[in-house]
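Analysis of the macromolecular model
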Amino acid sequence: MSKYGVNVPPGIPVFNVDEVKAAAEKMASPDGEVVVKSQVLAGGRGLGHFTNGLQGGVHIVKAVDAPELAAKMLGGTLVTKQTGPAGKPVNTLYIASKLDLTKEMYFAILLDRKSAGTMIIACGEGGTSIEELAEKFPDKIVKVPIDVREGITDEQASQVVEGLGVTTDKNAAMEQIKALYTVFDKSDCTMVEVNPLAETRDGKLVAADAKLGFDDNAAFRQKALFAMRDTSQEDPREVAAAKYDLNYIGLDGSIGCMVNGAGLAMATMDIIKLHGGSPANFLDVGGNASEQQVIAAFKILTSDHQVKALLVNIFGGIMKCDVIAAGIVSAAKEVGVKVPLIVRLEGTNVDRGKQILLDSDVKVITADDLDDAAMKAVASLS
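Being a predicted model, the structure only gives us computed values, none of them experimental. (Residues numbered from 1 in each chain as written. Predicted model: local features only at pLDDT ≥ 70, side-chain atom pairs only at ≥ 80, totals over all residues. Heavy atoms only, no water.)

1. Observations regarding the overall build of the protein
Across its full length, the protein carries 12 helices and 19 strands. The C-alpha extent of the protein, read off along each of the three principal axes, is 80 × 50 × 40 Å. Buried residues in the protein amount to 46% of all 382 residues. Restricting to contacts in the protein with at least 6 residues of sequence separation, those with at least 24 account for 67%. Accessible area of the protein: about 19300 Å², with a carbon and sulfur share of 52%. Mean positive and mean negative side-chain charge positions of the protein (39 and 50 charges, respectively) differ by 2 Å. (Helix = DSSP H or I, 4+ residues; strand = E, 2+ residues; numbered from the N terminus. Buried < 20%, exposed > 50% of the residue type's maximum accessible area, 1.4 Å probe, protein only. Contact = heavy atoms within 4.5 Å. Areas by Shrake-Rupley, 256 points an atom, 1.4 Å probe, with all protein chains shown as cover. Lys, Arg positive; Asp, Glu negative; His and termini not counted. Charge placed at Lys NZ, Arg CZ, Asp CG, Glu CD.)

Next comes the structure, spelled out in structure tokens:
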């Protein structure tokens, strides 16, 4: 953010306890205090808790006490409202200078479906849950749509500054708003959220804390940004799926699904729910999956201990049923599927695909249609 002229708190990332003392001494404020922040891929850190009992993922402490605190945080697991009960591993701490803030505000740039562009959302109150504030006091939220072809104008920047209720130099504040938009634009962001955007006692507008999201499709031109990706913060199943170009999202059900096509995958999950079951995932192998991708998909599905049955639902258009069937047989043998396997095939080379399954020694429950497949998957759990 500082690369594009945004004022941010000075800080040093540390990866082990040995680095903390020097960083804390360098970042200490005149009263000898520093801010120690857990760097996890989730919000709500301040109100979170560590599984070791330590409360809070962000602390203001004396610089001399930072190493002792860091020892309790580094390598620990932080649980917040956004991490889920499993929490996120804390592999990095940010040792930052303590700021003397006089006013806290909320600022975000998001993608807006209605205007088919970007939307700046601003509020004169920040540092707390914007969702609760927006629900109770919707009139305090200022929304400014930005034309992506023109970018932000001085008039729009001024509108945001007025909405924030900035009390310091308004021209300097406008430049900060424009700099934040430049970050969003030049970094291919899907979101820039600053909470709080704060005024300091010396009259500066500072992005005191922020969360950014980036468009995966822009990875090829944002190499430096994506090189900083920490996959330990992500679902390992989703990381593994991405390596094989599989679209996977983990859920909390018990029926693992492998489907070709996003729409069919959604329909499969819906019909599982309709018959009283619960999907363990969304997994779209795409329209032209190879046998190796099918094997990879099976490995991911069977690695989930919640999965008590597997449902394969393939409609072969571009995808050929015989290729999928061969992949299912190979995967079942390689992985060693120990749960009921329900397979529904339809489309290109379907007869050949069914014959491959029939001739194999893999135990498969075949289904005639999607409804039949879902019912058999749910019944197999009992």
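The rest of the description comes next.
2. Structural notes on the UniProt feature "binding site: substrate" (unreviewed entry) in the protein
As recorded in UniProt, the sites labelled "binding site: substrate" (unreviewed entry) are Asn-260, Gly-317, Ile-318 and Met-319. Annotated residues spanning 60 residues; largest pairwise C-alpha distance 10.0 Å, indicating a single compact cluster. If you trace the backbone, Gly-317 turns up in the loop between strand E17 (309-316) and helix H10 (321-336). Turning to its location among the elements, Ile-318 is positioned in the loop between E17 and H10. The class of Ile-318 is exposed, set by a relative accessible area of 66%. (UniProt positions renumbered as here; feature names shortened; annotations may be inferred.)

3. Description of the sheet that holds strand E1 (residues 11-14)
The strand order across the open sheet formed by 4 strands is E1-E7-E2-E4, and the pairing between neighbours is antiparallel. The two strands at the open ends of the sheet, each matched to only one other strand, are E1 and strand E4 (58-62). On average, adjacent strands in this sheet sit at an angle of 25° to one another, irrespective of strand direction. Pairing geometry for strand E2 (residues 33-38) and strand E7 (residues 93-97), over 5 bridges, is antiparallel. Paired with Lys-37 across the strands is Tyr-94, a residue of E7. (Pairing = 2+ DSSP bridges. Axes fitted to C-alpha atoms, helices over the stretch in contact; angles between N-to-C directions.)

4. Side note on the side chain of Asp-304
Locating Asp-304 in the fold gives a position in the loop between helix H9 (291-302) and E17. In this view, Asp-304 contacts Arg-237, Tyr-248 and Ala-280; residues no more than four positions away in its chain are not counted.

5. A closer look at helix H7 (residues 236-243)
Listing the buried residues of H7 in full gives Arg-237, Val-239 and Ala-241. Looking at the buried side of H7, the elements it contacts are strand E14 (247-250) and H9. Just downstream of H7 lies Asp-245, where phi reads positive at about 60°.

6. Thoughts on the environment of Ala-24
Among the secondary structure elements, Ala-24 is positioned in helix H1 (residues 20-27). Assessed through its relative accessible area of 0%, Ala-24 is described here as buried. A C-alpha to C-alpha distance of 7.9 Å links Ala-24 and Ala-96, two positions 72 residues apart in sequence. Apart from the residues within four sequence positions on either side, Ala-24 is in contact with Val-34, Ala-63, Ala-66 and Ile-95.

7. Looking at the sheet that holds strand E6 (residues 88-89)
With antiparallel pairing, the 3 strands of this open sheet are ordered in space as E3-E5-E6. The outermost strands of the open sheet, each flanked by one partner alone, are strand E3 (49-50) and E6. In terms of strand pairing, strand E5 (residues 77-79) meets E6 through 2 bridges, oriented antiparallel. Within E6, the position partnered with Thr-77 by the bridge is Pro-89.

8. Describing the layout of surface pockets
Quantified by volume, the second largest pocket comes out at close to 330 Å³. Lining the second largest pocket are 15 residues; nearest its centre among them are Ala-86, Lys-88, Asp-235, Pro-236 and Arg-237. Looking at the lining of the second largest pocket, the elements with two or more residues in it are E6, H7 and E14. For the lining of the second largest pocket, the element with the highest residue contribution is H7, accounting for 3 residues. Here the residues of the lining of the second largest pocket are counted per class, giving 5 nonpolar, 5 polar and 5 charged. (1 Å grid on protein atoms, 1.4 Å probe; cavity = no way out; pocket = protein on both sides within 12 Å on 5 of 7 lines; lining within 4 Å. Points joined across faces, edges and corners; volume = space filled by probe spheres on them. Nonpolar A, V, L, I, M, F, W, Y, C, P; charged D, E, K, R; others polar.)

9. A look at the environment of Glu-291
Tracing the sequence through the fold places Glu-291 in helix H9. Sequence separation of Glu-291 and Ile-328 is 37 residues, and the distance between their C-alpha atoms is 8.0 Å. Setting aside residues up to four positions removed in sequence, Glu-291 forms contacts with Val-323, Ala-326, Gly-327 and Ser-330.

10. Details of the side chain of Thr-200
Mapped onto the elements, Thr-200 comes out in strand E11 (residues 189-200). Within polar-contact distance, the side chain of Thr-200 engages the side chain of Asp-202 at 2.3 Å. Apart from the residues within four sequence positions on either side, Thr-200 is in contact with Asp-100, Leu-101, Thr-102 and Val-206. (Polar contact = N/O pair within 3.5 Å; in protein donor to acceptor, adjacent residues only side chain to side chain.)

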